[in-house]
Amino acid sequence: MEIAPLYLIVLLSWAVCLWHAFSYGMLGRLVRRQTASQGNTPAPQAVSIIIPVHDHCAYLRKCLPLLLGQDYEAPFEVIVVDQQSNDETLALLDELEQAYPHLQHTLCPASARDISMQRLALTLGVRLAQYDWVVFLQAGCQPANAHWLSAFTAPFGEQSDAALGISILEPSGRWKVRRMQFHRLWHQMMWLPSRQRTSPFHGDPVCLAYRRSLFFQHQGFASSALLTSGAEALLLNHNVPAARCAVSIARDAILRQEAPHPRVWVRERTFFVETRHHQHHLLATRLRYAARLLATPLFLLSGALLCWLSWPQWQVAVAVIALWFILALVRQISFHITTKALGLPAYIFTLPLLRHRIPRWDIASWLRWRTTDKRTFRRKFV
């Protein structure tokens, strides 16, 4: 067997793996760059923060004072949209509104026509908003300090119609939480840096800013009204080009969120597969993902075959092992750059294990989506 082409396959697959390994640190470098440039920001924009909630009284009691007490130079308001809560949410909101005049709330009806409940709640919040910039926040997230809003709105400008935020799960020693934390971090590392080269195909539903005028220009969620999830991601993907989408990931702009229950995490991943089927501009993203997915096993297989065919030339085996060692080292250093920038624990020993589980999790989510009744992903008319 001619082994000359194998050398080329080994080197090309190794080069793709090395490019992928370097990309692990891109998110961390973006965080550092934005953090360093925080002092050179334009005048802050007036914003409306919209939070849909359902039975989140404990969260509101803990996090609303942090949001309402932000040290922000421009006007801002917080709008809570209650989705028929059964706990003490409304009583708490009435109480807080007495102390904070820039807090208000509204109620979602028990049923909706022609739109999912999630999208109805966000639409009601946008209609009630006073300012052109609206920030969609998900229940369960909280800012780390009183400068979060200033840091998050810093990239807003006349050339932007939307801004992507970032959230991390609270660090924990529990394996299930570490697994969920890694999964979220992995996907943020994949799509946030690439936003600068392609149209935004995904937005973190925990934190996303959007222009109110653009929302009404595109008739809100008209392009995805019947889906039960993915409101923020599809709003961004369908209406905002790459040149008009900012990224706000300075250190103070990072939100923290309590880890969901594992069953909720599995459900979110399954619903994201349905959301992905309605997204645009995915060709370049899918090609990059396929290259990252296939490069490692291709390098391992071609390297092993090359060592076997060239034996007893032990120098070839040493060269392949050295390439693999360099790859692992670059991967670990790059990943550490991102975790350190985000204030997350380093995945020194668990990175190889968790990294190889990503394709398994994605395949499992696709299989669950494939075997689920598709009416589950559509709103139920009442």
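Preceding this section is the structure that the text describes.
Since the structure is predicted, the reported quantities are computational estimates derived from the model, not experimental observations.

What counts and how
Residues numbered from 1 in each chain as written. Predicted model: local features only at pLDDT ≥ 70, side-chain atom pairs only at ≥ 80, totals over all residues. Heavy atoms only, no water. Helix = DSSP H or I, 4+ residues; strand = E, 2+ residues; numbered from the N terminus. Buried < 20%, exposed > 50% of the residue type's maximum accessible area, 1.4 Å probe, protein only. Contact = heavy atoms within 4.5 Å. Areas by Shrake-Rupley, 256 points an atom, 1.4 Å probe, with all protein chains shown as cover. Pairing = 2+ DSSP bridges. Axes fitted to C-alpha atoms, helices over the stretch in contact; angles between N-to-C directions. Right-handed = clockwise from strand over helix to strand, strands pointing away. Phe/Tyr/Trp six-rings, centres within 6.5 Å; stacked < 30°, edge-to-face > 60°. Lys NZ or Arg CZ within 6 Å of the ring centre and 35° of its normal. Expected span 1.5 Å × (residues − 1).

Some details on the overall build of the chain
- Secondary structure summary: the chain contains 14 helices and 10 strands in total.
- Expressed as lengths along the three principal axes of its C-alpha atoms, the size of the chain is roughly 80 × 50 × 40 Å.
- Across the 382 residues of the chain, 51% fall into the buried class.
- Within the chain, counting contacts between residues at least 6 apart in sequence, those at least 24 apart form 84% of the total.
- In the structure as shown, the chain presents an accessible area of about 18000 Å², 61% of it carried by carbon and sulfur atoms.

Here's the deal with the sheet that holds strand S10 (residues 255–257)
- Within the open sheet, the three strands sit side by side as S5-S10-S7. Their pairing is mixed. Each edge of the open sheet carries a strand with a single partner, namely strand S5 (141–143) and strand S7 (167–169). Neighbour-to-neighbour, the strand axes of the sheet open up by a mean angle of 35 degrees, direction not taken into account.
- In terms of strand pairing, S5 meets S10 through three bridges, oriented antiparallel.

What to know about the pairing of strand S2 (residues 76–82)
- Within S2, seven of the seven residues are buried, leaving the element largely enclosed by the surrounding structure.
- What you see with S2 is no split at all: Phe-76, Val-78, Val-80 and Asp-82 on one side and Glu-77, Ile-79 and Val-81 on the other are buried throughout.
- When strand S1 (residues 47–53) meets S2, the two strands line up parallel, connected through seven bridges. Its bridge partner lying in S2, Ile-50 is registered against Ile-79.
- Handedness of the crossover is the feature at issue here: the chain leaves S1, passes through helix H3 (residues 57–68), returns alongside S2, and the resulting connection is right-handed.
- As defined by bridge partners, S2 adjoins strand S3 (residues 103–107) across five bridges and the pair is classed as parallel. Across the sheet, Val-80 pairs through a bridge with His-105, a residue of S3.
- Taken together, S2, helix H4 (residues 89–99) and S3 form a β-α-β motif whose crossover is right-handed.

Let's talk about the packing of aromatic side chains
- Taken as a whole and judged by the stated rule, the model has 16 aromatic pairs.
- Ring plane angle 10 degrees and centroid distance 5.5 Å describe the contact between Trp-148 and Phe-152, whose orientation is recorded as stacked. Taken as a pair, Trp-148 and Phe-152 lie in helix H6 (residues 148–153) at a separation of four residues, close to a single helical turn. The exposure classification of Trp-148 matches that of Phe-152, with both residues buried.
- Ring centres of Phe-271 and Phe-377 lie 4.8 Å apart, and the angle between their planes is 75 degrees; on these two criteria the pair is classed as edge-to-face. Of this pair, Phe-271 sits in helix H10 (residues 262–276) while Phe-377 sits in the segment after helix H14 (358–371); the two residues are 106 residues apart in sequence, bridging distant segments of the chain. As far as burial versus exposure is concerned, Phe-271 and Phe-377 are alike and both buried.
- Put simply, the rings of Tyr-24, Phe-182, Trp-186, Phe-335 and Tyr-347 touch in pairs and so form one group of aromatic residues.
- Between the NZ or CZ atom of Arg-178 and the centre of the ring of Tyr-347, over which it lies, the distance is 4.3 Å.
- It is Lys-374 that lies over the ring of Trp-369; its NZ or CZ is 4.6 Å from the centre.

A few points about unusual backbone geometry
- Residues Trp-311 and Pro-312 are joined by a peptide bond in cis, for which omega reads 15 degrees.
- As for its position among the elements, Pro-312 is in the loop between helix H11 (283–310) and helix H12 (314–342).
- The phi torsion at Gln-219 lies on the positive side, around 55 degrees, for a residue other than glycine.
- We classify Gln-219 as exposed; its relative accessible area is 65%.

With respect to the pairing of strand S8 (residues 207–211)
- In terms of burial, S8 is a largely internal element, five of the five residues being buried.
- Residues of S8 alternate between two faces, with Cys-207, Ala-209 and Arg-211 on one and Leu-208 and Tyr-210 on the opposite face, all of them buried.
- For strand S6 (residues 162–164) and S8, the ladder comprises three bridges, and the chain directions are antiparallel. Within S8, the position partnered with Ala-162 by the bridge is Tyr-210.

A closer look at H12
- Compared with the 42 Å implied by 1.5 Å per residue over 29 residues, the 43 Å span of H12 between its first and last C-alpha is a close match.
- At the C-terminal side of H12, Gly-343 shows a positive phi close to 75 degrees.

Here's the deal with the sheet that holds strand S4 (residues 133–137)
- Pairing is mixed across the open sheet formed by seven strands, whose spatial order is S3-S2-S1-S4-S8-S6-S9. If you trace the sheet from one side to the other, it starts and ends with S3 and strand S9 (245–247), each paired once. The mean inter-strand angle of the sheet, taken between neighbouring strand axes irrespective of direction, is 25 degrees.

Purely geometric numbers; function is a separate question.
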